[in-house]
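Observations on the model geometry
What follows is each chain in one-letter form.
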Amino acid sequence: MTVTTTVPEKTTVPELAVDGSLPLTTETVAALEAFCDTCEDAGPGAVGIVRLSGRPGSDAFAGATVHLVNKWERALRRMERMGAVTVAVVGGECGGPALEVLLATDYRVAVPESLLVPVGGPGTTWPGMSLYRFLHQAGAGAARRYALLGLPIRVERAGELGLVDEVDARAEEVAAQVAQTLRSRSSREFAVRRQLLAEASATTFDEALGRHLAACDRELRRGADGAVDA
């Protein structure tokens, strides 16, 4: 698992590579935290590229402790809440920690032969927050089958469920184009919109209204002042 450590120029972006065939370790957590640091240091408009691959064995989380899993879950939560946008490239079989990272990214591009591979102990699926994300992103029926059966999900089905946004043999090129487009649109307010969407299914209309109005007010003020994020 690798991560760039330099603040990107206009032609580069923060990058992270996650190999799902490797078990979760403290180095895995440190690499994800470093990636988040780089994205945040890059400031408004940052877009990070995450490359995901690797079929896990049944021991993907076997050597972990609850303390390590907690740190990992917090790092994933940090990534999905930061102001920078994340674009994932799935390059084939993807499971274990790589699949967990995928479910926390903003936009996902996969090659046609991609396969999402749930993992856990013998005869089980891993009971981490990936189940929570899967439920919110793919729906209760798909999440139930995922949790009970743990069967691999072909990329076509992943697209139908909304777990993958685009399927293309030129996944790297497509991801680079998406990143370029998002770089011109990304700002601190992106994180606000992401959070509003995430909370929508668990929030009543009246509870959500105030938060949406506050976001609208900020956008109107930005437009009136001609302001941009600094």
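Everything below is about the structure printed above this text.
Residues numbered from 1 in each chain as written. Predicted model: local features only at pLDDT ≥ 70, side-chain atom pairs only at ≥ 80, totals over all residues. Heavy atoms only, no water.

Our focus in this paragraph is helix H4 (residues 130-138). Where H4 is concerned, the buried positions are Ser130, Arg133, Phe134 and Ala138. The buried residues of H4 all sit within an arc of 100° when viewed along its axis, so they share a single face. Looking at the buried positions of H4, the neighbouring elements they touch are helix H2 (66-81), helix H3 (96-102), helix H5 (140-149), strand S7 (153-154) and helix H6 (155-161). Just downstream of H4 lies Gly139, where phi reads positive at about 100°. (Buried < 20%, exposed > 50% of the residue type's maximum accessible area, 1.4 Å probe, protein only. Helix = DSSP H or I, 4+ residues; strand = E, 2+ residues; numbered from the N terminus. Arc of directions from axis to C-beta. Contact = heavy atoms within 4.5 Å.)

Considering the arrangement of structural elements, one finds Glu80 in helix H2. In terms of polar contacts, Glu80 uses its side chain to reach the side chain of Arg77, at 3.0 Å. A distance of 3.0 Å separates polar atoms of two side chains, one belonging to Glu80 and the other to Arg133. Every residue in contact with Glu80, bar those within four places of it in the chain, is listed here: Leu103, Ala104, Arg133 and Arg194. (Polar contact = N/O pair within 3.5 Å; in protein donor to acceptor, adjacent residues only side chain to side chain.)

Before going further, it helps to examine the environment of Asp106. Relative to the helices and strands, Asp106 is located in the loop between H3 and strand S5 (107-110). Distance in space between the C-alpha atoms of Asp106 and Val164 is 9.9 Å, their sequence separation being 58 residues. From its side chain, Asp106 meets the backbone nitrogen of Thr86 in a polar contact 3.0 Å long. Within the local environment of Asp106, its side chain forms a polar contact with the side chain of Arg194, the two groups lying 2.8 Å apart.

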